[in-house]
Amino acid sequence: MSAHADLLAPWDPLAPDEVALALDGVAAPWWIAGGHAVAFAVGHPFREHADTDVGLLRRDQHTIRAAWPDWEWWAADPPGTLRPWPAEETLPASVHDLWCRPGPTAPWRLQAMLDDSEGERWVFRRDTRITLPLTRLVRRAPEGPPYLAPEVQLLYKASARRPKDELDLTAALPVLDARQRRWLTAALARVHGVHHPWLPRVNPRSP
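In this text the structure is predicted, and so the values were computed from the model without any measurement.

Visitor: Looking at this structure, how should I read the packing of aromatic side chains?
Guide: Between two aromatic rings, the relevant description is the distance of the centres plus the angle of the planes. Per the counting criterion, the structure on display carries twelve aromatic pairs. Centroid distance tryptophan 11 to tryptophan 99: 5.2 Å. Interplanar angle 70°. Geometry classified as edge-to-face. Highlighted residues: tryptophan 11 in the loop between α1 (5-8) and α2 (16-22) and tryptophan 99 in strand β5 (residues 97-101), separated in sequence by 88 residues. Connected via pairs of aromatic rings, a cluster forms that spans Trp11, Trp74, Trp99 and Trp108. Taking NZ or CZ as reference, arginine 65 lies 4.7 Å from the ring centre of tryptophan 85, over its face. The positively charged end of arginine 101 is found above the aromatic ring belonging to tryptophan 108, 4.1 Å away from the centroid.

Structural data, given as C-alpha cells:
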C-alpha cells in the first residue's frame, strides 16, 4: 500500500468470536474468510493466524458499514492506495479490500473483503465464469460464526500457494466431499489450466 507508515501499522485484529459478537444482528450475510475459514471447516485450529478476514457481498457494503458507524473505514484502491471511504460513496468494482479501526490512533482491527454476485449466485472476481449458488457459499461452525466454504477459500489460495496455503490445502482435503472436489477441480482447471499442481491432490484422476 502506498500510504503513510502510520496507516499501515499497527494491526490488532479481532478474533473470529469478537467479529461474530460485533456483527450479531446485521441483516446482510457475512462470513469469516482466509485461514480461519479453513480451520472452521476442518473443525479445529492447526496453524497460527496473523489476521482475521471477513467476507461480504459487494451489494451489502453499506449495510455492514452501518454496524460500526463510528469506526473509520478505509478502501484499498488499486494499484495500492489506502484512502478514507466516505459513508456516502458506493465503492467501484475495482475495490475489494476494506480496512477498519475504531479511531485514528487505534490499531486496525478488521479487514473486510468484498465479493461479487449476480442474483443468487456468487461470482469469482478473478474469473467471472466461476460461480456458486449463494446457498453453498457460506457454512456455519457448530456454535461458531459463519465461514466461507473451504473449496472457495482454496480457490482463492491456489494463486499464491504460500507455505500456509499448502498447509490449508493439506488440512482441508479430508473434509471436502465429492461435490466440493468436483467444483474445485473444475474451477482450478478453468482458472489455472490443467497442470496446476493442486489438481492431482484434489482429484487424483486429474491429468
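Picking up where we left off.
Visitor: Would you explain the packing of helix α6 (residues 150-157) against helix α8 (residues 178-192) in this entry?
Guide: A packed helix pair is summarised by two numbers, namely the angle formed by the two axes and the spacing between the axes. At a closest axis distance of 9 Å, the pairing of α6 and α8 adopts a crossing angle of 20°. Judged by the angle between their axes, α6 and α8 are roughly parallel. At the point where α6 passes α8, the crossing takes the right-handed sense. On α8, the residues that touch Pro150, Glu151, Val152, Leu154 and Leu155 of α6 are Gln180, Trp183, Leu184, Ala187 and Leu188.

Visitor: Can you walk me through the environment of proline 69 in this structure?
Guide: Examined against the element boundaries, proline 69 turns out to sit in the loop between α4 (61-65) and β3 (72-77). Separated by 33 residues in sequence, proline 69 and proline 102 place their C-alpha atoms 9.6 Å apart.

Visitor: I tried to follow the pairing of strand β4 (residues 81-84) on my own but got confused; where do I start?
Guide: The side chains of a regular strand alternate, first on one face of the sheet and then on the other. Bridge count between β3 and β4: four bridges; the pairing is antiparallel. Across the sheet, tryptophan 74 pairs through a bridge with proline 84, a residue of β4. Here β3 folds back onto β4 in antiparallel fashion, the turn holding three residues, of which glycine 80 has a positive phi close to 150°.

Each value, and the rule that gives it
- Residues numbered from 1 in each chain as written.
- Predicted model: local features only at pLDDT ≥ 70, side-chain atom pairs only at ≥ 80, totals over all residues.
- Heavy atoms only, no water.
- Phe/Tyr/Trp six-rings, centres within 6.5 Å; stacked < 30°, edge-to-face > 60°.
- Helix = DSSP H or I, 4+ residues; strand = E, 2+ residues; numbered from the N terminus.
- Lys NZ or Arg CZ within 6 Å of the ring centre and 35° of its normal.
- Axes fitted to C-alpha atoms, helices over the stretch in contact; angles between N-to-C directions.
- Parallel < 35°, antiparallel > 145°, perpendicular 65-115°, else oblique.
- Left-handed = near helix turned anticlockwise from the far one by under 90°.
- Contact = heavy atoms within 4.5 Å.
- Pairing = 2+ DSSP bridges.

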